[in-house]
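The chain contents come next:
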Amino acid sequence: PVPTPGPGELLLRTDAVGICASDLKCYHGAAKFWGDENRPAWAETNRIPGHEFVGTVIAGDDTTLTKRKLSLGDRIACEQIVPCWECRYCLEGAYWMCAVHDMFGFKGHDGAMAEYVLVPAKALTHPVSADLPGQVAAFAEPLSCA
Ligand SMILES: [Zn+2]
Ligand SMILES: [Zn+2]
């Protein structure tokens, strides 16, 4: 289905998405994602995977586009963590340590292994040149994460 962006959200048409080692570990049932006798599950079932992606903005309200300095047709990459912006870490500016730790494709938000992906208002986005091939641009997340 094609998601409908709400206030603050963007709809992307996926250009490319990487397959991360963590996607494979999650697929194969690793306890880090699905829990075991010592820890609860972190990943959610029925999530569309895919957190290393680039896409083209095809919908979003004017306020959101202006705030993010984007136009329809622009390409963006998203940071994999979608910060809560309310926990101790987010308030200190260390959003990558967010206590809630929502992440595209695992928890809180569907990822980009689909034709369309919804970008939540809390997500961090970065512009990507139209000239960069999608399969190259999708490396923005693993390279910056490393
Ligand atoms: Zn990854
Ligand atoms: Zn947080």
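Look above for the structure.
Starting from 1, residues in each chain are numbered consecutively following that chain's sequence as written. Chain letters and ligand numbers both follow the written order, the letters beginning at A and the numbers at 1. Note on the predicted model: pLDDT of at least 70 is required for a residue's local features to be given, and 80 or more for side-chain atom pairs to be given and counted; whole-chain, interface and lining totals, by contrast, use all residues. Only hydrogens and water are set aside when side-chain values are computed; all heavy atoms of the structure are taken into account.

Colleague: Explanation requested: the pattern of salt bridges in the structure shown.
Modeller: Side chains that differ in charge, positive against negative, can pair when their charged atoms come close. Any Lys or Arg side-chain nitrogen found within 4 Å of a carboxyl oxygen on Asp or Glu counts as a salt bridge. Going through the model one piece at a time under the given rule, you end up with six salt bridges. Note that Glu44 is salt-bridged to Arg47, the shortest N-O span being 2.7 Å. Three exposure classes are used, based on accessible area relative to the maximum for each residue type with a 1.4 Å probe and protein chains only: buried under 20%, partly exposed in between, and exposed over 50%. The class for Glu44 is partly exposed, based on a relative accessible area of 32%. The exposure class assigned to Arg47 is partly exposed, which follows from its relative accessible area of 28%. Asp110 is paired through a salt bridge with Arg47; the nearest N and O atoms lie 3.1 Å apart.

Colleague: For this particular structure, what's the right way to read the packing of aromatic side chains?
Modeller: Two numbers describe a pair of aromatic rings. These are the distance of the centres and the angle of the planes. Pairing of aromatic rings covers Phe, Tyr and Trp, the last counted by its six-membered ring, and requires centre-to-centre distances within 6.5 Å; plane angles under 30 degrees mean stacked, over 60 mean edge-to-face, and any other angle means tilted. Using the criterion set out here, one finds six aromatic pairs in the structure. Judged by centre distance (5.5 Å) and plane angle (35°), the ring pair of Trp42 and Phe106 falls under tilted. Of the two residues, Trp42 sits in the loop between helix H2 (31–34) and strand S2 (53–60) while Phe106 sits in the loop between strand S5 (102–104) and strand S6 (108–109), which places them 64 residues apart along the sequence. Plain terms: the ring middles of Phe53 and Phe104 are 5.1 Å apart, the flat faces sit at 80° to each other, and that makes the pair edge-to-face. Of this pair, Phe53 sits in strand S2 while Phe104 sits in strand S5; the two residues are 51 residues apart in sequence, bridging distant segments of the chain. Residue class for Phe104 comes out buried when judged on its relative accessible area of 0%. Here the aromatic cluster, defined as three or more aromatic residues joined through ring pairs, consists of Phe33, Trp42 and Phe106. Segments assigned H or I by DSSP are reported as helices when at least four residues long, segments assigned E as strands when at least two residues long, and all are numbered from the N terminus.

Colleague: Explain a nonpolar patch on the surface here, please?
Modeller: Where nonpolar side chains cluster on the molecular surface, the patch consists of Ile19, Leu24, Ile48 and Met113 and spans about 350 Å² of accessible area. Following the sequence through the fold, Ile48 ends up in the loop between H2 and S2. Of the residues examined, Ile48 reaches a relative accessible area of 30% and is grouped as partly exposed. Patch definition: residues with relative accessible area over 30% and no salt bridge; like charges joined within 9 Å; nonpolar side chains (Val, Leu, Ile, Met, Phe, Trp, Tyr) joined within 5 Å. With residues, only the protein chains shown are counted as cover, and all accessible areas are computed by Shrake-Rupley using a 1.4 Å probe.

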